[in-house]
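Analysis of the macromolecular model
The lines below spell out each chain.
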Amino acid sequence: MNEAILKVKDLNAYYNSVCALKGINFHANVDEIVGIVGPNGAGKTTLLESIAGTHKIREGEIYFLDHRIEHWPVLKRRKLGLMLIPQEGNVFPMMSIKKNLEVSVLYSSREEREKLLDYVYELFPVLWTKRKNNANTLSGGQQKMLAIGIGIAANPRVMLIDEPSIGLAPKLVTRLFDTLKKIKEDSGNTIVLSEQNIKILNIADRLFGLEAGEIKFDEKTENLSRQVIKDLYLGG
Ligand SMILES: Nc1ncnc2c1ncn2[C@@H]1O[C@H](COP(=O)(O)OP(=O)(O)O)[C@@H](O)[C@H]1O
Ligand SMILES: [Mg+2]
């Protein structure tokens, strides 16, 4: 399928007088995993936050499901199915794991809620085992799983995830990425994630390269040389 569900046109974003994104054109298709890659400071987080609405853009247009949304508040975007899982502050630490997930399913129909929760617990059994504990009792890796679980429980049409591999041991990164691929295949939804980990090559259908706020490439992963990506844009 090649139907764009999300489109960004000529986007410019600033922090006061500092330009963080220049003339960005970006899109994500239905049923696609898109990796936004680039070194620290490239603008990956700013792009995701601009799409989600947590960063106010200066110029440009954003389309989601045929709505023009760049002036919409965060919650309105979220209700239409656009959800950002930020790098930090993505769980409620003093709430139980169960409650964290239950809050997330609130916008879904009653019948869907149970299915979504069951699916999250099936993907991450440790969350079921520890469901009565507060989120802050989980390890870093488990909290990351909970954050992704919260995202899945919200059943978004497009899930935006900011550098999920950061702070995870290599084995966990592989597992997390395999899980993201399964989520995409099971749901047919779209995942857009920023990354600096080379393993993104194993799951992304397309890579969008950013450097110093500008587009460097936008290519199907299969057309990109692994070495070029590794040298230019990704860590070990
Ligand atoms: N809160 C902020 N205040 C000022 N400048 C910022 C802020 N956040 C990010 N920047 C700048 O914007 C640019 C893009 O940053 P960011 O989107 O965080 O990049 P990345 O996520 O790729 O590391 C960088 O030059 C960064 O220094
Ligand atoms: Mg970032």
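Worth saying up front: this structure is predicted, and the values here are computed from it rather than measured.

1. Some remarks on empty space enclosed by the protein
Under the defined criterion, the tally for this structure stands at one cavity of 30 Å³ or more. Roughly 30 Å³ of volume is contained in the largest cavity. Taken together, the residues of the lining of the largest cavity sort by class into four nonpolar, two polar and three charged.

2. Some details on the pattern of salt bridges
Enumeration according to the criterion identifies 11 salt bridges in this entry. The salt bridge partner of Arg-68 is Glu-70, with a shortest N-O separation of 2.7 Å. What makes Arg-68 partly exposed here is its relative accessible area of 45%. Linked through salt bridges whose partners overlap, the residues forming this network are Lys-9, Glu-61, Arg-68 and Glu-70.

3. Here's the deal with the site of ligand 1
Around ligand 1 sit Tyr-15, Ala-20, Pro-39, Asn-40, Gly-41, Ala-42, Gly-43, Lys-44, Thr-45 and Thr-46, and that is every residue in its neighbourhood. The separation between an oxygen atom of ligand 1 and a polar side-chain atom of Thr-46 is 2.5 Å. Surface burial for ligand 1 is 59%, taken as the share of its 560 Å² of free accessible area covered by protein chains. Looking at the shell around ligand 1, the element that brings in the most residues is helix H1 (residues 44-52), giving three residues. Looking at the shell around ligand 1 residue by residue, the class counts come to four nonpolar, five polar and one charged.

4. Some remarks on the pairing of strand E6 (residues 82-85)
Neither face of E6 is exposed, since Leu-82 and Leu-84 on one face and Met-83 and Ile-85 on the opposite face are all buried. Here four bridges tie E6 to strand E7 (residues 158-162), and the two strands are oriented parallel to one another. Of the residues in E7, the one forming a bridge with Leu-84 is Leu-160.

The rules behind the values
Residues numbered from 1 in each chain as written. Chains lettered and ligands numbered in written order. Predicted model: local features only at pLDDT ≥ 70, side-chain atom pairs only at ≥ 80, totals over all residues. Heavy atoms only, no water. 1 Å grid on protein atoms, 1.4 Å probe; cavity = no way out; pocket = protein on both sides within 12 Å on 5 of 7 lines; lining within 4 Å. Points joined across faces, edges and corners; volume = space filled by probe spheres on them. Nonpolar A, V, L, I, M, F, W, Y, C, P; charged D, E, K, R; others polar. Salt bridge = Lys/Arg side-chain N within 4 Å of Asp/Glu carboxyl O. Buried < 20%, exposed > 50% of the residue type's maximum accessible area, 1.4 Å probe, protein only. Near = heavy atom within 4 Å. Polar contact = N/O pair within 3.5 Å; in protein donor to acceptor, adjacent residues only side chain to side chain. Areas by Shrake-Rupley, 256 points an atom, 1.4 Å probe, with all protein chains shown as cover. Helix = DSSP H or I, 4+ residues; strand = E, 2+ residues; numbered from the N terminus. Pairing = 2+ DSSP bridges.

Fair warning: the whole summary comes from geometry, so function is off the table for now.
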